[in-house]
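Structural overview for review
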Amino acid sequence: METLIPTINRLQEVFLTVGAEIIQLPQIVVVGSQSSGKSSVLESLVGWDFLPRGSGIVTRRPLVLQLINVAPLKERLKIESGNGVKQNAQNSYPGVKAEEWGTFLHCKNQIFTDFQEIRREIESETERSSGDNKGITAEPIYLKIFSPKVLNLTLIDLPGITKVPVGDQPEDIEAQVQEMILSFISNPNSLILAVSPANSDLATSDALKLAREVDPDGRRTLLVVSKLDLMDAGTDALEVLLGRVIPVRLGIIGVVNRSQHDINTKKSLEDSMRDEQAFLQRHYPSLASRAGSRYLAKTLSRLLMHHIRDCLPDLKTRVTVLSSQYQARLNSYGQPVEDHSATLLQIVTKFASDYCNTIEGTARYIQTSELCGGARICYIFHETFGRTLQSIDPLGGLTELDILTAIRNATGPRPALFVPEVSFELLVKRQIKRLEEPSLRCVELVHEELQRIIQHCSSFSTQELLRFPKLHDSIVEVVTGLLRKRLPITNEMVHNLVAIELAYINTKHPDFTDAAQVSASVNSQQAEALDGGKRWKNEKVAEEKTPAAGFGSPSKGQAINLLDTAVPVSRKLSAREQRDCEVIQRLIKSYFLIVRKSIQDSVPKTVMHFLVNFVKEHLQSELVGQLYKQPLLQELLIESQDTAQQRTEVAQMLEALKKANNIISEIRETHLW
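Just so we're clear, the structure is a prediction, and the values are computed from it rather than from any experiment.

Rules used throughout
- Residue numbers restart at each chain and count upward from 1, following the sequence in its written direction.
- pLDDT decides what is reported in this predicted model: residues at 70 or higher carry local features, side-chain atom pairs at 80 or more are listed and counted, and totals for whole chains, interfaces and linings draw on all residues regardless.
- Computation of side-chain values covers all heavy atoms of the structure but excludes hydrogens and water.
- Here a helix means four or more residues in a row that DSSP labels H or I, a strand means two or more in a row labelled E, and each is numbered from the N terminus.
- Each residue gets one of three labels from its accessible area relative to the maximum for its type: buried under 20%, exposed over 50%, partly exposed in between, using a 1.4 Å probe on protein chains only.
- The contact definition used throughout considers only heavy atoms, calling two residues in contact when any of these lie within 4.5 Å.
- Computed with a 1.4 Å probe, the accessible areas rest on the Shrake-Rupley method; for each residue, only the protein chains presented here act as cover.
- At least two bridges found by DSSP between two strands are what make those strands a pair.
- Comment: axis = line fitted to C-alpha atoms, over the contacting stretch for helices; angle = value between 0 and 180 degrees taken between N-to-C directions.
- Between 65 and 115 degrees an angle is taken as roughly perpendicular, under 35 as roughly parallel, over 145 as roughly antiparallel, and anywhere else as oblique.
- The sense of a crossing depends on the near helix, which, turned anticlockwise from the far helix by less than a right angle, makes the crossing left-handed and, turned clockwise, makes it right-handed.
- Gly counts as polar in this scheme, as do all residues outside two lists: the nonpolar Ala, Val, Leu, Ile, Met, Phe, Trp, Tyr, Cys and Pro, and the charged Asp, Glu, Lys and Arg.
- The rule is short: rings of Phe, Tyr and Trp, with Trp giving its six-membered ring, pair when the centres are within 6.5 Å, and they are stacked under 30 degrees, edge-to-face over 60, tilted in between.
- Only buried residues count toward a nonpolar core. Its members are Ala, Val, Leu, Ile, Met, Phe, Trp, Tyr and Cys residues joined through side-chain atoms within 4.5 Å.
- A helix is expected to reach a length of 1.5 Å times the quantity of its residues less one.
- Predictor confidence is given residue by residue as pLDDT, running from a minimum of 0 to a maximum of 100.
- The rule for a salt bridge is simple: a side-chain nitrogen of Lys or Arg has to be within 4 Å of a carboxyl oxygen of Asp or Glu.

Along the backbone of the chain there are 21 helices and eight strands. When each of the 673 residues of the chain is scored for burial, the buried share is 45%. Look at the contacts in the chain between residues 6 or more apart in sequence, and 81% of them connect residues 24 or more apart. For the chain, the computed accessible surface area is about 35600 Å², with 52% contributed by carbon and sulfur atoms.

Before going further, it helps to spend a moment on the pairing of strand β3 (residues 101-104). Here β3 shows a buried face lined by Trp 101 and Thr 103 and a second buried face lined by Gly 102 and Phe 104. Looking at chain direction, β3 and strand β4 (residues 141-147) are connected through four bridges and run antiparallel. The residue bridging Trp 101 from the neighbouring strand is Phe 146, located in β4.

What follows deals with the packing of helix α1 (residues 4-16) against helix α10 (residues 293-333). Put simply, α1 and α10 touch, their axes get as near as 9 Å, and they point 60 degrees apart. One way to sum up the angle between α1 and α10 is to call them oblique. Considering only the axes of α1 and α10, their crossing is left-handed. In contact with Leu 4, Ile 5, Ile 8 and Leu 11 of α1, α10 contributes Ser 301, Leu 304, Met 305, Ile 308, Arg 309, Leu 312 and Leu 315. Classifying every residue of the contact of α1 with α10 gives nine nonpolar, one polar and one charged.

Two aromatic rings, taken as a pair, are described by how far apart their centres are and by the angle between their planes. One pass over the full model with this rule turns up seven aromatic pairs. Ring centres of Phe 104 and Phe 112 lie 5.3 Å apart, and the angle between their planes is 90 degrees; this geometry places the pair in the edge-to-face category. Phe 112 matches Phe 104 in its accessibility class, with the two residues each being buried. Measuring from ring centre to ring centre gives 6.0 Å for Phe 424 and Phe 512, while their planes differ by 15 degrees; the resulting arrangement is stacked.

Bringing the nonpolar core into the picture now. Among the nonpolar cores identified, the biggest contains 67 residues, and Tyr 355 and Leu 450 are the most heavily contacted of them. Sorting the residues of this core by element identifies α11 (340-360), α12 (374-390), α13 (400-411), α14 (421-432), α15 (436-461), α16 (469-503), α19 (575-627) and α20 (630-636) as the ones contributing at least two each. For this core, the element with the highest residue contribution is α19, accounting for 18 residues. When sequence neighbours within four positions are dropped, the list of residues in contact with Tyr 355 reads Leu 450, Ile 453, Ile 454, Cys 457, Val 479, Leu 483, Val 615 and Leu 619.

Turning our eyes to something else, we now look at the sheet that holds strand β2 (residues 63-69). In space, the eight strands of this open sheet follow the order β3-β4-β2-β5-β1-β6-β7-β8, with mixed pairing throughout. Here the strands that pair on one side only, and so sit at the sheet edges, are β3 and β8 (252-254). Neighbour to neighbour, the strand axes of the sheet diverge by 25 degrees on average, direction disregarded. Contacts between helix α4 (residues 115-130) and the sheet are confined to β2, β3 and β4, with β4 contributing the most and set at about 175 degrees to the helix.

Among the secondary structure elements, Ile 28 is positioned in strand β1 (residues 27-32). The exposure class assigned to Ile 28 is buried, which follows from its relative accessible area of 1%. Note: C-alpha distance between Ile 28 and Phe 184 (156 residues apart in sequence) is 9.6 Å.

Mapped onto the elements of the fold, Gln 431 is located in helix α14. For Gln 431, the contacting residues outside a window of four places in its chain are Asp 393, Pro 394, Leu 395, Gly 396, Leu 398, Ile 588 and Phe 592.

Taking burial as the measure, the six residues of β1 include six buried ones, the bulk of the element. Along β1, one buried face is formed by Gln 27, Val 29 and Val 31 and the opposite face, lined by Ile 28, Val 30 and Gly 32, is buried too. As judged from the six bridges shared by β1 and strand β6 (residues 190-197), these two strands associate in the parallel manner. Residue Gly 32 lies in a different strand from β6, and its bridge partner there is Val 195. Note that β1 and strand β5 (residues 153-157) share three bridges and pair parallel. Residue pairing across strands places Val 30 opposite Asp 157, the latter belonging to β5.

What follows concerns unusual backbone geometry. Of note, the phi angle at Lys 227 is positive, near 60 degrees, even though the residue is not glycine. Turning to its location among the elements, Lys 227 is positioned in the loop between β7 (221-226) and α7 (238-241).

For the rest of this paragraph, the subject is helix α21 (residues 641-665). Taking 1.5 Å per residue, 25 residues should reach 36 Å; α21 reaches 36 Å between its end C-alpha atoms and fits that length. Listing the buried residues of α21 in full gives Thr 643, Arg 647, Val 650, Met 653, Leu 654, Ala 656, Leu 657, Ala 660, Ile 663 and Ile 664. Packed against the buried residues of α21 are α1 and α10.

Relative to the elements of secondary structure, Ser 301 occurs in helix α10. Every residue in contact with Ser 301, bar those within four places of it in the chain, is listed here: Ile 5, Leu 151, Asn 152 and Leu 153.

Right, let's get into the confidence of the model for the chain. Overall, the predicted model of the chain reaches an average pLDDT of 80, with 82% of residues at or above 70. β6 holds the highest mean pLDDT among the elements of the chain, 92, whereas helix α18 (residues 533-545) holds the lowest, 49. Low confidence marks residues 84-90, where pLDDT is under 50. Its contacts with residues over four positions away, or in another chain, come to five contacts. The low-confidence segment residues 669-673, where pLDDT is below 50, has eight contacts with residues more than four positions distant or belonging to other chains.

Right, let's talk about the packing of α10 against α21 for a bit. For any two helices packed against each other, the geometry comes down to the angle between their axes and how far apart the axes lie. Running from N to C, α10 and α21 cross one another at 150 degrees; their axes reach a closest spacing of 9 Å. Regarding the angle of α10 to α21, the classification is roughly antiparallel. Both α10 and α21 take part in a crossing whose hand is left-handed. Looking at the contact of α10 with α21 residue by residue, the class counts come to 14 nonpolar, seven polar and four charged.

On to the pattern of salt bridges. Pairs can form between side chains of opposite charge whenever their charged atoms are close. If you walk through the whole model with that rule in mind, you get 21 salt bridges. Close ionic contact of Glu 444 with Arg 441 constitutes a salt bridge, the shortest N to O distance being 3.0 Å. You can see Glu 444 and its partner Arg 441 sitting in helix α15, three residues apart, about one turn around the helix. The exposure class of Glu 444 is partly exposed, given its relative accessible area of 38%. Judged by its relative accessible area of 37%, Arg 441 is partly exposed. When the shortest N-O distance is used, the salt bridge between Arg 452 and Glu 449 registers 2.5 Å. With Arg 452 and Glu 449 both in helix α15, this residue pair falls three residues apart, about one helical turn. For Glu 449, a relative accessible area of 3% puts it in the buried group. A single salt-bridge network, built from bridges that share partners, covers Arg 61, Glu 125, Arg 128 and Glu 139.

Given below as structure tokens:
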């Protein structure tokens, strides 16, 4: 189990190289109020003064501290010279001629053997990113300390909880610090080391309050009661240390911090630990063996190892899942282009195939939220266009007065005995003309859908196309141009369909059965007219007595204004006029339904032949002809900067995950128990 903490340290280094925190590693987070003694607790674990000190807020950046136990210098020198018992190469660190030393991540290949230099480097690095006037930042400093005197540990020292802003700190400094602390301790794989001074009420401890927010059961919290020697005379912290005031699941450990006088006089940490143990023996003899800095270090190391052991199976699963996800992402970005000609042909062929498959309904990516492609075109033909034609009234816009006017205009100066056929043709052509507008609108809707299929294929089907923005734009431009060229041709053919119907009114159409019935009715009316001439004469006289105001005739004594249109005046139709109107209406309706049925069938066929099928058949050849040109290949296949950068980042992350998986796999199952 001793290898677990170094394993987590190696994992942390692996993920730091890619600047990602997608894996929540087990770690110990140190939390406490400003001047609660956090720094002294950490220094007692290391055995050296190396943290910045002073008044006010001193820790202004998270410090990720890795303590690594190494063999003493003499043993390492023996290993290097080949004498003595051979040990683990990781513990030898060849080339380092110091008993204890430290390294920073931001100072690669630089070794600090003087712990005062480590302190100055922390201060200068803090000022570099946080300013020199008490500002804070969430960017951590990574420090490794190698020593034969330390136990393997990984701790994160956070800024102390403060209440009042000083220097250039913002007004919400308290909220910022708390947010930073919560971001670290919210990690379910972290242990919380809450530091609270003994000379303050534990019930008001800010560290415990924040720990309770993310760990209400206290399963991840260890409480350190600092400054035991500063309690008022006659009082002690026995009840607190025994957990009778506030119970903490992982335990409560009391420590004695070095005083400012000890720091000023440069009292060694070894002497301070001896004095600490003597103080505990005098004041807390029953707890002396379970308190103090040495016991705290052993406890932290033991808790962290067991915590890592518990987290390791989930950690391995997480790494495996992420490896699969990042491998899939890397595959989606494709490989860098080597053969430009082959790549261009492959992408163009894939796009043309996806475009045609979307129309045919065999595309790989089928939408479920809305109709698209061929299904949408089918809906336009049979639902939108079909229902629109069905909603057109065969006699819409025709009044009885219009019909009578057409009949009289068709007879010229001679009164008509029968309904003239010319009036029927004139009126039915007017109604057939109304079918042209919805037919052209049908073409426009299909054209719009073919445009939408371009974006559908670009976004869902051909992911490779997104790598090359210029090629994408060029393909869209070529397909749009092809559709634009075919649109007027299709419109012209649909216009011709209506024009063909208008060119010849086929009254002998097999389905025009009403014509024969009306002809027979007219013949019978002719016989009645010859026999009943007197009745017709009486009707004529009655008509003459009634002015034909319905046809815009000016009344007697009224001046004619050639610029004005006379307003028709409604009147009651005679029996003969009513009969003539009904005959024309019946003929118009019957013939209009025949033409509408023909248009409803022929317009979709025309659109499919001249627009949809033509585009399907010529799309690939058009794309190749327009884009497969040597001068354009290099320009079209330039990757976007985002794609290249994302591929590099994903590749680096995938490599880090593979390394992490190998590191975890090195731990045998027997080491976990």
